[in-house]
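Coordinate analysis (summary)
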Protein chains: 2
Amino acid sequence: MQIAKGVEWAAHAAALLNALPSGKGLRAESLARYHGVPGPYMAKQLQALSKAGIVQAARGRHGGYRLARPANEISLWDIMAAIEGPAPAFTCTEIRRNGPCGAKPAECKRPCAIAASFHAAETAYRESLKAKSLVDIAVDVVGESAHEHLRDVGRWLEREAVSLG
Amino acid sequence: MQIAKGVEWAAHAAALLNALPSGKGLRAESLARYHGVPGPYMAKQLQALSKAGIVQAARGRHGGYRLARPANEISLWDIMAAIEGPAPAFTCTEIRRNGPCGAKPAECKRPCAIAASFHAAETAYRESLKAKSLVDIAVDVVGESAHEHLRDVGRWLEREAVSLG
């Protein structure tokens, strides 16, 4: 079971957008360059985030992305679901109904204990990610927050950020 | 993010092996037929369970599978890890080190908050599955345990089970 790399990229992109001054945005190409990843693939993640209402793109000459809602209302689960889709990872195909001793539909009104256990585990997973907002992760996402490094990031943002209408 | 179907199959197969009388086993083909799934694919899951020390195969004319350790010592996480592998689903590629503001190695001794949050969520997922043993799921895995149905399963097991040395 593997989570697409795009989840990592999207989470880091959203964290960087959270560091933007008010009224500013970043173009997809800036976000790709900042993270050292291919532009088209970063653009794809941003489109998925946009579709999910996590970022919004401003149109026009200075088009750029910004967060679509307050950072404390955007969780890592929101980002994961935007990129990977919200479907459960465990798919129950009801094999208990198969074969020579297949259970009858009337005996299968509730999920079996195996499916229920996997769903409970996924709920625990989601709840854990839902409890982490962009605000929670802001502190050390760019490393251990060396002052010099944060200053570099700030200068880069000043240079790259575009004004949004 | 999808979990392979084999995890469902392996979990149901292990649950059925747990219902065997002592000293008995089931051949891979019987387990496949019981669950109405292709023999070679069920055999593949059983080999993975065997490699992980969850089931053991008896050799010889009456070769069959049985659980390799007590059912209360086999969790759904053990089964999931046997089939999917134990690697984390979230892979951190350290993109914070990339690009024009890449963090220096000395600033990256700890996982970043994004990686740490995904790892914490996976820990919650694993703990949830580790808390469910084959004993916990035995009760209603074959449906809602209609008496008649359990009798059918018992009869089928009597007929199909092979004696192990």
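In this report, the structure presented in the accompanying data block is examined. The structure presented is a predicted model; accordingly, all values stated were derived computationally and were not measured.

1. Overview of the overall build of chain A
A count of helices and strands for chain A gives 7 helices and 4 strands. Along chain A, from the amino end to the carboxyl end, the secondary structure elements read α-β-α-α-β-β-α-α-α-α-β. Computed over C-alpha atoms, the radius of gyration of chain A comes to 20 Å, more than 25% over the 15 Å expected from 2.2 N^0.38 for 165 residues, which places it beyond the range of a compact globule. Principal-axis analysis of the C-alpha atoms gives chain A an extent of 70 × 35 × 25 Å. Sequence separation of 24 or more characterises 69% of the internal contacts of chain A that already satisfy a separation of 6 or more. When the accessible surface of chain A is split by element, carbon and sulfur atoms take 52% of a total near 7,700 Å². Within chain A, the 16 negative side-chain charges are centred at a point lying 8 Å from the centre of the 21 positive side-chain charges.

2. A look at the packing of helix α4 (residues 76-84) of chain B against helix α5 (residues 113-130) of chain B
Residue and element names in this part refer to chain B. In the contact formed by α4 and α5, the axes pass within 6 Å of each other and the chain directions differ by 120°. In this view, α4 runs oblique relative to α5, as classed from their interaxial angle. For the pair α4 and α5, the contacting residues are L76, W77 and M80 in the first and Y125, R126, L129 and K130 in the second. Looking at the contact of α4 with α5 residue by residue, the classes come out as 5 nonpolar, no polar and 2 charged.

3. What to know about the interface of chain A and chain B
Between chain A and chain B, the contact holds 63 residues from the first and 64 residues from the second. The contact between chain A and chain B buries some 5,500 Å² in all, and 63% of this surface belongs to carbon and sulfur atoms. Applying the counting rule to chain A against chain B returns 0 salt bridges. The interface formed by chain A and chain B contains 12 residue pairs in polar contact (both at pLDDT 80 or more). Where the side of chain A that touches chain B is concerned, the elements lending two or more residues are α1 (5-17), α2 (28-35), α4 (76-84), α5 (113-130) and α7 (147-160) of chain A. It is α5(A) that provides the largest number of residues to the side of chain A that touches chain B, a total of 11 residues. Taken together, the residues that form the side of chain A that touches chain B break down as 35 nonpolar, 13 polar and 15 charged.

4. Overview of the relation of the copies chain A and chain B
Superposing chain A onto chain B takes a rotation of 180° combined with a translation of 0.0 Å along the rotation axis, leaving an RMSD of 0.0 Å. These values place the two chain copies in the arrangement generated by a two-fold rotation axis. Residue Y125(A), judged by its C-alpha, is the member of chain A lying nearest the rotation axis, at 2.6 Å. The overlap is high: 100% of the interface residues of chain A also sit at the interface in chain B, so the same surface is used on both sides.

5. Quick word on the packing of aromatic side chains
Residues and elements named next belong to chain B. Following the criterion strictly, the structure yields 7 aromatic pairs over all chains and no others. Look at F90 and F118: their rings are 4.3 Å apart centre to centre, the planes differ by 5°, and that puts the pair in the stacked class. With F90 in the loop between α4 and α5 and F118 in helix α5, the pair connects residues that are 28 residues apart, well separated along the chain.

6. Notes on the packing of helix α3 (residues 39-51) of chain A against α4(A)
Residues and elements named next belong to chain A. The contact between α3 and α4 brings their axes to 9 Å, and the two run at 115°. As far as their axial angle goes, α4 and α3 are roughly perpendicular. The two elements α3 and α4 cross, and the hand of that crossing is right-handed. When α3 is examined against α4, the residues Q45, A48 and L49 are found in contact with a partner set consisting of I79, A82 and I83. Taken together, the residues of the contact of α3 with α4 sort by class into 5 nonpolar, 1 polar and no charged.

7. Focus: the environment of P70(A)
Residues and elements named next belong to chain A. Summarising the element assignment, P70 is placed in the loop between β3 (65-67) and α4. Residue classification places P70 among the partly exposed positions, given a relative accessible area of 43%. Separated by 52 residues in sequence, P70 and N18 place their C-alpha atoms 8.7 Å apart.

8. Overview of the environment of S50(B)
For S50(B), the position within the fold is in helix α3 (residues 39-51). Spatially, the C-alpha atom of S50(B) lies 18 Å from that of A19(B), the residues being 31 residues apart in sequence.

9. Focus on unusual backbone geometry
Here the phi dihedral of E94(A) falls at roughly 55°; this positive angle occurs in a residue that is not glycine. Take E94(A): it is sitting in the loop between α4 and α5.

10. Some details on the side chain of Q45(B)
All names here are of chain B. Secondary-structure assignment places Q45 in helix α3. What makes Q45 buried here is its relative accessible area of 4%. When sequence neighbours within four positions are dropped, the list of residues in contact with Q45 reads G6, W9, A10 and I83.

11. Details of the nonpolar core
Residues I79(A), F118(A), Y125(A), I79(B), F118(B) and Y125(B) are the most contacted members of the largest nonpolar core, which totals 106 residues. Contact partners of I79(A), with chain neighbours within four places excluded, come to V7(A), A10(A), A11(A), A14(A), L49(A), I54(A), I74(A) and L134(A).

Calculation rules
For every chain, the first residue of its written sequence is number 1, and the numbers climb from 1 along that sequence. Labels follow written order: the first chain is A, the first ligand is 1, and so on. Under the rules for a predicted model, residues below a pLDDT of 70 receive no local features and side-chain atom pairs below 80 are neither given nor counted, while totals for whole chains, interfaces and linings still include all residues. Calculated side-chain values reflect all of the structure's heavy atoms, with hydrogen atoms and water omitted. For helices the rule is a DSSP run of H or I covering at least 4 residues; for strands it is a run of E covering at least 2, with both sets numbered from the N terminus onward. Only C-alpha atoms enter the radius of gyration; for comparison, a globular chain is expected to reach 2.2 Å times N to the power 0.38, where N is the number of residues. Note on definitions: a residue-residue contact is assigned when non-hydrogen atoms from the two residues lie within 4.5 Å. Only the protein chains shown count as cover for residues, with accessible areas throughout obtained via the Shrake-Rupley method and a probe of 1.4 Å. Positive: Lys, Arg. Negative: Asp, Glu. His and the chain ends are not part of the count. A charged residue contributes its charge at one atom only: NZ of Lys, CZ of Arg, CG of Asp or CD of Glu. Axis definition: a line fitted to C-alpha atoms, limited for helices to the stretch in contact. Angles are taken between N-to-C directions and run from 0 to 180 degrees. Working rule for angles: under 35 degrees goes down as roughly parallel, over 145 as roughly antiparallel, 65 to 115 as roughly perpendicular, anything else as oblique. Side-chain classes are defined by residue name, with Ala, Val, Leu, Ile, Met, Phe, Trp, Tyr, Cys and Pro counting as nonpolar, Asp, Glu, Lys and Arg as charged, and the others, Gly among them, as polar. Buried area: the accessible area, evaluated with a 1.4 Å probe, that two parts lose upon being put together, summed over both parts. The rule for a salt bridge is simple: a side-chain nitrogen of Lys or Arg has to be within 4 Å of a carboxyl oxygen of Asp or Glu. Any N or O atom pair separated by 3.5 Å or less is treated as a polar contact, with the protein-specific requirement of one donor-capable and one acceptor-capable atom, and with residues adjacent in sequence counted only for side-chain atom pairs. In superposing the copies, a least-squares fit is computed on C-alpha atoms, taking residues whose pLDDT is at least 70 in both. Pairing of aromatic side chains requires ring centres within 6.5 Å, counting the rings of Phe and Tyr and the six-membered ring of Trp. Pairs whose planes differ by under 30 degrees are stacked, by over 60 edge-to-face, and all others tilted. Each crossing gets its handedness from the near helix: less than a right angle anticlockwise from the far helix is left-handed, clockwise is right-handed. Accessibility here uses a 1.4 Å probe with only protein chains present; expressed as a share of the type maximum, an area under 20% marks a residue as buried, one over 50% as exposed, and anything in between as partly exposed. Definition used in this section: a nonpolar core is a set of buried Ala, Val, Leu, Ile, Met, Phe, Trp, Tyr and Cys residues joined via side-chain atoms within 4.5 Å.

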